[in-house]
Amino acid sequence: AQKITQTQPGMFVQEKEAVTLDCTYDTSDQSYGLFWYKQPSSGEMIFLIYQGSYDEQNATEGRYSLNFQKARKSANLVISASQLGDSAMYFCAMREDNYGQNFVFGPGTRLSVLP
Amino acid sequence: EAGVAQSPRYKIIEKRQSVAFWCNPISGHATLYWYQQILGQGPKLLIQFQNNGVVDDSQLPKDRFSAERLKGVDSTLKIQPAKLEDSAVYLCASSLVGRNAGELFFGEGSRLTVL
């Protein structure tokens with residue numbers, strides 16, 4: 001079974017607008033972490049933001065915020081004020097702390113920012 | 001602080017040949033992961049080490065892939081014999097251990113083309 005689902009293979013957003021990238025996850029572990037990574041065409045994996053399962057506040061890092069809805073098992077990434085340099089693949093990932101620190105990735109969403 | 005080092009960056013081989021990739025994680029990171037990333041897809045975990053022990057190798061095609069992490073530091077991933085479908089980027093990543101381990105740190109990847 002898929003542990004991480006990203007239902008949007010591709011998304012378009014106008015420059016300076018906000019965009020939400022969806023992520024749902026599946027785990028029976030009570031302790032886990034949720035991560036978002038950006039992968040530009042150069043191929044490097046860039047860490048964006050982290051949310052722990054016990055964190056009560058949604059994580060924010062600059063223009064990135066994570067909309068964490070634990071009961072729904074969703075961890076959507078919100079990018080505010082999109083820039084052309086945000087065009088990239090975005091991966092949602094989960095670390096399960098009680099399953100050997102298993103770290104799995106979703107299939108990704110390709111974001112294209114339009115001028 | 002030095003990042004995760006990988007080599008070679010690029011390798012082209014013919015099917016049925018062998019290839020080896022090397023990874024040196026960030027100093028002090030006990031956990032090391034090898035991922036296979038096929039073009040347009042998310043990273044797929046091949047093997048996870050903690051120190052020099054294997055935590056998870058359930059998705060490693062053991063008839064052709066092998067990996068080791070001697071002395072709990074650097075690691076090698078070998079493919080023998082290679083198949084066309086092994087063409088991918090092989091990503092090495094490392095992290096600390098535990099609930100507050102934080103994110104995965106990735107190397108630049110080794111791009112394999114099998115002809």
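Each remark here, short or long, concerns the structure printed above.
Scoring rules and cut-offs
- Residues numbered from 1 in each chain as written.
- Chains lettered and ligands numbered in written order.
- Predicted model: local features only at pLDDT ≥ 70, side-chain atom pairs only at ≥ 80, totals over all residues.
- Heavy atoms only, no water.
- Disulfide = S-S within 2.5 Å.
- Helix = DSSP H or I, 4+ residues; strand = E, 2+ residues; numbered from the N terminus.
- Buried < 20%, exposed > 50% of the residue type's maximum accessible area, 1.4 Å probe, protein only.
- Contact = heavy atoms within 4.5 Å.
- Buried area = accessible area lost by both parts, 1.4 Å probe.
- Salt bridge = Lys/Arg side-chain N within 4 Å of Asp/Glu carboxyl O.
- Polar contact = N/O pair within 3.5 Å; in protein donor to acceptor, adjacent residues only side chain to side chain.

**Q** Give a detailed account of the state of the cysteines, specifying residues and quantitative values.
**A** Residue and element names in this part refer to chain A. The full count for this structure, using the stated rule, is two disulfides over all chains. Note on cysteine connectivity: Cys23 is disulfide-linked to Cys92, with sulfurs 2.0 Å apart. On the S-S bond that ties Cys23 to Cys92, the torsion sits near -60 degrees, and the link is left-handed. Taken together, the positions of Cys23 in the loop between β3 (19–21) and β4 (24–25) and Cys92 in strand β10 (residues 88–96) put the pair 69 residues apart, joining distant regions of the chain. For Cys92, a relative accessible area of 0% gives the class buried.

**Q** How would you explain the interface of chain A and chain B if you had to name every residue and give the values?
**A** Contacts between the two partners involve 19 residues from chain A and, on the opposite side, 22 residues from chain B. Taken together, both faces of the contact between chain A and chain B bury some 1600 Å²; the carbon and sulfur share is 49%. The largest share of the area that chain A buries against chain B comes from Gln101, Phe103 and Phe105 of chain A, three residues that together contribute 34% of it. In this assembly, chain A and chain B are joined by zero salt bridges. Taken together, the connections running from chain A to chain B amount to four residue pairs in polar contact (both at pLDDT 80 or more). Looking at the side of chain A that touches chain B, the elements that each hand over two or more residues are β5 (32–39), β6 (46–52), β10 and β11 (102–105) of chain A.

Read these as geometric descriptors, not functional statements.
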